[in-house]
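# Survey of secondary and tertiary structure
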Amino acid sequence: MRLPFTIFRQAAIAMGATRADRLVGRRYRGLGAIFILHSVVDDRQEHLFDPLRTGARFLDAVIRQVRAEGTDIVTLDEAMARLASRSARRFACFTLDDGYKDNLTVALPIFEQHAAPFTLFVTTCFLERSANNWWSGLAEAVKQSDALEVPALGRHYVTATLGEKVATYRELVAEVERGRLTDAGLAALFAACRISLPRIMDRDALDESELRKLAASPLVEIGGHTVSHPQLSRLEPGEALREMTENKRWLEGLLDRPVRHFAYPFGDPASCGAREAVIARAAGFQTAVTTRIGNLFPEHRDNPTALPRLRLFSERECLRLVEFQRSGAAGALMTRFGDPVTTM
Ligand SMILES: [Zn+2]
């Protein structure tokens, strides 16, 4: 049984961290956590339906809350060292996936203001503008419309309010994943909405000089995220290894530094598992992060290429929801009921 996200969200907000602690016990809190974000945007209202975008003010609030409670914000290397030493002081890492332009223009200034380090996992296909970024096209279609005709599904969606946009976006992503909304159906929808995926990619993704600027910051570590952002579990082992090593080599050549950390595309159990953890080690990565929800424990030191993370996406812009995840209750619930939402 999978919990609907709305029920999960309401329960989490109502419970907060204190009651969640009572529910699952402090043993789920672990020593620290790794947060996952993608795009970080200024505009609060327009992005709220899109789980790949996080508001700048919310990111700032999370950093302040983490620091206020005495948790250290550290690099992934420091996190692994603390797991090894079983340091009692709690820590948090921030990671941003894919390679969005706003990571330089919006996120970096916030992290600089707090002198907080973060890791950016960059996929080659973003910088080379070769990603099939259908999810960005759907977000754009939902964002710019009050009503949406999707002939491929024979459906009409009302997308006037934020709630309607949230529901429609989630439903359309699910239809793509179910295989009912195919490339042809998406292409027809984008043509009707005058949406150009390459133009969105140009607007949203970092280019090489922007990535070099980010990498020049002493707060930034660059990690790998594959060449073409595939579901690695669907590839032959040799092909999965090539996706990792070619992206790693390309980033190392571009930035003239070792790339030692990795994030699995999508990161859910259907996209990466024990086989991919072994391949990531063979590719030369010291750590690899998933999108499975959970905190970090000393045991993760023995399995550093299958690390869980906590999500800071727009539909979770609520500090109580962040605390609920950090308590370990979210991870415990998902172990019992499965993941309530779709992620990228
Ligand atoms: Zn990604």
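Scroll up to find the structure this text is about.
This write-up is about the structure you can find in this document. Just so it is clear, the structure is predicted and the values come from calculations on it, not from any experiment.

What counts and what doesn't
- The numbering scheme is per chain: residues are counted from 1 as the chain's sequence reads.
- Totals for whole chains, interfaces and linings use every residue, but because this is a predicted model, local features are given only for residues with pLDDT of at least 70 and side-chain atom pairs only at 80 or more, for both listing and counting.
- Neither water nor hydrogens contribute to the side-chain values; these are computed over all heavy atoms in the structure.
- Helix and strand labels come from DSSP, where a helix needs a run of H or I of at least four residues and a strand needs a run of E of at least two; each type is numbered from the N terminus.
- For the exposure calls, accessible area comes from a 1.4 Å probe over protein chains only, and a residue counts as buried if that area is under 20% of its type's maximum, exposed if over 50%, partly exposed in between.
- What makes two residues a contact is simply this: any of their non-hydrogen atoms within 4.5 Å.
- Per-residue and other accessible areas were derived by the Shrake-Rupley procedure at a 1.4 Å probe size, with only the shown protein chains allowed to occlude residues.
- Aromatic pairs are defined between Phe, Tyr and Trp rings, using the six-membered ring for Trp, whenever the two ring centres lie within 6.5 Å; interplanar angles under 30 degrees are classed as stacked, those over 60 as edge-to-face, and all others as tilted.
- Put simply, a charge is over a ring when the Lys NZ or the Arg CZ is close to the ring centre, within 6 Å, and near the line of the ring normal, within 35 degrees.
- Donor atoms: N, O and S within 2.8 Å of the metal, or within 3.2 Å for Na, K and Ca. Because water is excluded, sites can look incomplete.
- A pair is scored as a salt bridge if a Lys or Arg side-chain nitrogen falls within 4 Å of a carboxyl oxygen belonging to Asp or Glu.
- Any two strands with at least two DSSP bridges between them are considered paired.
- When the strands point away from the viewer and the connection leading from the first strand across the helix to the second strand turns clockwise, the crossover is called right-handed.

### Some remarks on the overall build of the protein
What the protein contains, in helices and strands, is 15 helices and twelve strands. Burial analysis of the protein (344 residues in total) assigns 60% to the buried set. Pairs at least 24 apart in sequence give 72% of the contacts found in the protein among residues at least 6 apart. Carbon together with sulfur atoms contributes 52% to the accessible area of the protein, which is approximately 14,200 Å² in total.

### Digging into the packing of aromatic side chains
Evaluated as defined, the whole model comprises seven aromatic pairs. An angle of 65° between the planes, with centres 5.6 Å apart, marks the rings of Phe94 and Phe111 as edge-to-face. Residue Phe94 is located in strand β5 (residues 91-98), and its partner Phe111 is located in helix α5 (residues 102-113); the two are separated by 17 residues in the primary sequence. In this structure Phe111 comes out as buried when scored by relative accessible area, which is 0%. Taking 5.3 Å as the distance between ring centres and 80° as the angle between the ring planes, the aromatic pair formed by Tyr100 and Phe126 counts as edge-to-face. Residue Tyr100 is found in the loop between β5 and α5, and its partner Phe126 is found in helix α6 (residues 124-127); the two are separated by 26 residues along the sequence. Judged by relative accessible area, which is 1%, Phe126 ranks as buried. Joined through ring pairs, the aromatic side chains of Phe35, Phe94, Phe111 and Phe118 make up one cluster. Just above the ring of Phe285 sits the side chain of Lys248; from NZ or CZ to the centre is 5.7 Å.

### Concerning the coordination of the zinc ion
Around the zinc ion, the protein contributes the donor atoms Asp98 (OD), His225 (NE2) and His229 (NE2), which lie 2.0 to 2.2 Å from the metal centre. In the primary sequence, the donor residues of the zinc ion line up as D-x126-H-x3-H. Taken together, the residues Asp98 in strand β5 and His229 in the loop between β9 (220-224) and α12 (237-255) connect sequence positions 131 residues apart. Pair check on accessibility: Asp98 and His229 agree, each one buried.

### Topic: the pattern of salt bridges
One pass over the structure, following the stated rule, counts 22 salt bridges. One salt bridge connects Asp72 with Arg82, and the closest N-O pair in it is separated by 2.9 Å. Remark: Arg82 occurs in helix α4 (residues 76-85) and Asp72 occurs in strand β4 (residues 72-73); sequence separation between them is ten residues. There is no split in this pair, since Asp72 and Arg82 are both buried. Between Glu239 and Arg242 there is a salt bridge, with the nearest N and O atoms lying 2.8 Å from each other. Placement of both Glu239 and Arg242 in helix α12 is noted, with a separation of three residues, approximately one turn of the helix.

### Concerning the pairing of β9
Where burial is concerned, most of β9 is hidden: five out of the five residues are buried. Side chains Val220, Ile222 and Gly224 project from β9 onto one buried face, and the interleaved Glu221 and Gly223 project onto a second face that is buried too.

### A word on the pairing of strand β6 (residues 118-122)
Buried residues dominate β6, accounting for five of its five residues. Burial of β6 is two-sided: the residues Phe118, Leu120 and Val122 facing one way and the residues Thr119 and Phe121 facing the other way are all buried. Inspection of the sheet shows β5 paired to β6 by four bridges, in the parallel sense. Pairing of Thr95 across the sheet is with Thr119, part of β6. The handedness of the β5 to β6 crossover, carried by α5, is right-handed. The pairing of β6 with β9 spans five bridges and is parallel. Across the sheet, residue Phe121 finds its bridge partner in β9, namely Gly223.

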